Amino acid sequence: MAYLAIRSASRLDRIISAMQSHIRGSPFIGMDETVVQVLKEAGRAPTSESRMWVARGYHEGKPIVFFTYNKSRGSVVAKSILGDFTGFLQTDGLSGYRSIGQKPGMTHIGCWAHSRRKFHHVYENQGKDTLALEMILLIKKRYLTEARLRKKLDAASIAEAEFLSMRKEETAPVFDDIQKWLFKTVARVPPQSPLGEAIAYAMGQYDRAIRYVEHYLVTPDNNAVERAIKPFVIGRKNWMFYDSKEGVWAGATLYSILETAKANGHEPYKYLCHFIKLLLPYILSPKITRWGEISVYFLTYICITSNISV
């Protein structure tokens, strides 16, 4: 069964290349990565930690989720995924993203959810800390504004330009309150304390985090990417590791296909059945013509990003 999965995934290189190309053409990309273990890699111990990287972007308004494997967590990997991409890039506070965010034509956006989690951790674990709660409530104001305005945008009761204008106007006072609170409170809290560390993180991310208001596709946080990673993380608790490098690449390919299908409203099992049926002639026959091969990939990719649920 593992061999069949690897063999099937190995035939999907063209569609994966197309997905990466379309990701790079997106106006907005969210990125994240998570730990993965591969037992049999040349020159590496079985206990070595590697990374599964995930990028989420859009092609003609349809979401694409792209998984790829690498041994490293360094910025060079993110650069190789992004290629010639220019636009809005949203990430967590990993230091490796900073140099990428300074590239001409790139707008690097932070994630409010990561800042909020640190304050929430303090609130839950430091006796319901009231200072931490103050920041949590300030951040909540922005989310309430985002939810209200995005609901109108999704219902087409306001246009994209109006959404952007209203969001900037309504969030500006909250941003000012957050910044004032950070500068006022940082002097009162020991920097080595959990609250001090949460404040330092939020201050370091503030200038990037407030920039989500500049594009209508961008939300206050990177949670859409984290939701795409979540099935992989849950699965990892069961299967724990990949045996080989070929296996982890097959996993990245199949997760890319299925998470993109899910992001476009398809039921995963039904879609996978349909997907395999489309590819079956190519997988089974080594004599398929080049044009037949290209047509299979073209039809498959259209199915993934179509509006019609399989």
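In this report, the structure presented in the accompanying data block is examined. What you see is a predicted model; the values in this text were computed from it and never measured.

Here's the deal with the overall build of the protein
Okay, so step 1: Along the protein, the regular secondary structure elements total twelve helices and six strands.
Okay, so step 2: Here the analysis covers contacts within the protein between residues at least 6 apart in sequence; of these, 67% occur between residues at least 24 apart.
Okay, so step 3: Carbon together with sulfur atoms contributes 58% to the accessible area of the protein, which is approximately 15800 Å² in total.

Some thoughts on helix α7 (residues 160-186)
Okay, so step 1: For α7, with 27 residues, the first-to-last C-alpha span of 37 Å sits near the 39 Å given by 1.5 Å per residue.
Okay, so step 2: Where α7 bends most, at Thr 171, the angle is about 35 degrees, and the proline Pro 173 comes one to four residues later.
Okay, so step 3: Looking only at α7, the buried set comprises Phe 163, Leu 164, Met 166, Arg 167, Thr 171, Val 174, Phe 175, Ile 178, Trp 181, Leu 182 and Thr 185.
Okay, so step 4: Packed against the buried residues of α7 are α5 (112-125), α6 (130-154) and α8 (194-209).

Things to note about unusual backbone geometry
Okay, so step 1: For Glu 60, which is not a glycine, the phi torsion comes out positive at approximately 55 degrees.
Okay, so step 2: Along the chain, the position of Glu 60 falls in the loop between β2 (49-59) and β3 (62-70).
Okay, so step 3: Unlike most non-glycine residues, Met 240 shows phi in positive territory, near 70 degrees.
Okay, so step 4: In this fold, Met 240 is placed in the loop between α9 (223-239) and β6 (242-244).

Some thoughts on the packing of α7 against α8
Okay, so step 1: Between α7 and α8, the shortest axis-to-axis distance is 10 Å and the interhelical angle comes to 135 degrees. One way to sum up the angle between α7 and α8 is to call them oblique. Where α7 crosses over α8, the two elements pack in a sense that is left-handed. Seen from α7, the contacting residues are Phe 175, Asp 176, Ile 178, Gln 179, Trp 181, Leu 182, Phe 183, Thr 185 and Val 186; seen from α8, they are Ile 199, Ala 202, Met 203 and Tyr 206.
Okay, so step 2: Class assignment for the residues of the contact of α7 with α8 results in ten nonpolar, two polar and one charged.

Considerations on the pattern of salt bridges
Okay, so step 1: Going through the model one piece at a time under the given rule, you end up with twelve salt bridges.
Okay, so step 2: Here Arg 44 and Glu 41 are joined by a salt bridge, their closest N and O atoms 3.0 Å apart.
Okay, so step 3: On the basis of relative accessible area, Arg 44 is assigned to the partly exposed category, the value being 23%.
Okay, so step 4: Measuring nitrogen to oxygen at the nearest pair gives 3.0 Å for the salt bridge that ties Lys 262 to Glu 259. Of this pair, Lys 262 and Glu 259 are both found in helix α10 (residues 245-263), three residues apart, which corresponds to roughly one turn of the helix.

Notes on the side chain of Ser 50
Okay, so step 1: Looking at the secondary structure, you find Ser 50 in strand β2.
Okay, so step 2: On the accessibility criterion, Ser 50 (0% relative accessible area) is buried.
Okay, so step 3: There is a polar contact of 2.5 Å between the side chain of Ser 50 and the side chain of Arg 44.

Focus on the pairing of strand β1 (residues 28-40)
Okay, so step 1: Looking at chain direction, β1 and strand β4 (residues 87-90) are connected through three bridges and run parallel. Bridging across to β4, Ile 29 finds its partner in Leu 89.
Okay, so step 2: Direction of pairing for β1 relative to β2: antiparallel, over a ladder of eight bridges. Residue pairing for β2: Val 35 is matched across the bridge by Arg 51.
Okay, so step 3: With two bridges joining them, β1 and β6 adopt parallel strand pairing. By the bridge assignment, Val 38 is partnered in β6 with Tyr 242.

Topic: the nonpolar core
Okay, so step 1: Counting 30 residues, the largest nonpolar core has Trp 112, Phe 119, Met 135, Ile 178, Trp 181, Leu 182 and Leu 195 as its most contacted members.
Okay, so step 2: Of all elements in the fold, only α5, α6, α7 and α8 reach the threshold of two or more residues within this core.
Okay, so step 3: Setting aside residues no more than four positions away along its own chain, Leu 195 makes contact with Phe 119, Val 122, Asp 129, Leu 131, Ala 132 and Val 189.
Okay, so step 4: Counting residues in each nonpolar core, the second largest holds 25 residues, with Ile 15, Ile 29, Phe 66 and Ile 81 among its members.

Regarding the side chain of Arg 167
Okay, so step 1: On the secondary structure map, Arg 167 appears in helix α7.
Okay, so step 2: Of the polar contacts made by the side chain of Arg 167, one reaches the backbone oxygen of Val 218; its length is 2.9 Å.
Okay, so step 3: Setting aside residues up to four positions removed in sequence, Arg 167 forms contacts with Glu 146, Leu 149, Arg 150, Tyr 212, Val 213, Glu 214, His 215, Tyr 216 and Val 218.

Some points on the packing of aromatic side chains
Ring pairs (aromatic) are described by centroid distance and by the angle formed between their planes.
Okay, so step 1: Taken as a whole and judged by the stated rule, the model has eleven aromatic pairs.
Okay, so step 2: Considering the side-chain rings of Phe 67 and Phe 232, the 6.4 Å spacing of their centres and the 45 degrees angle between planes classify their relative orientation as tilted. Separated by 165 residues along the polypeptide, Phe 67 in strand β3 and Phe 232 in helix α9 bring together distant segments of the chain.
Okay, so step 3: Taken together, a centroid distance of 5.2 Å and an interplanar angle of 70 degrees make the contact between Phe 232 and Tyr 255 edge-to-face. Here Phe 232, found in helix α9, pairs with Tyr 255, found in helix α10; they are 23 residues apart in sequence, far enough to count as distant.
Okay, so step 4: On the basis of relative accessible area, Phe 232 is assigned to the buried category, the value being 0%.

Quick notes on the rules
Residues numbered from 1 in each chain as written. Predicted model: local features only at pLDDT ≥ 70, side-chain atom pairs only at ≥ 80, totals over all residues. Heavy atoms only, no water. Helix = DSSP H or I, 4+ residues; strand = E, 2+ residues; numbered from the N terminus. Contact = heavy atoms within 4.5 Å. Areas by Shrake-Rupley, 256 points an atom, 1.4 Å probe, with all protein chains shown as cover. Expected span 1.5 Å × (residues − 1). Bend = angle between axes of the 7 residues up to and from the residue. Buried < 20%, exposed > 50% of the residue type's maximum accessible area, 1.4 Å probe, protein only. Axes fitted to C-alpha atoms, helices over the stretch in contact; angles between N-to-C directions. Parallel < 35°, antiparallel > 145°, perpendicular 65-115°, else oblique. Left-handed = near helix turned anticlockwise from the far one by under 90°. Nonpolar A, V, L, I, M, F, W, Y, C, P; charged D, E, K, R; others polar. Salt bridge = Lys/Arg side-chain N within 4 Å of Asp/Glu carboxyl O. Polar contact = N/O pair within 3.5 Å; in protein donor to acceptor, adjacent residues only side chain to side chain. Pairing = 2+ DSSP bridges. Core = buried A, V, L, I, M, F, W, Y, C linked by side-chain atoms within 4.5 Å. Phe/Tyr/Trp six-rings, centres within 6.5 Å; stacked < 30°, edge-to-face > 60°.

Purely spatial values, then, with no claim about function.
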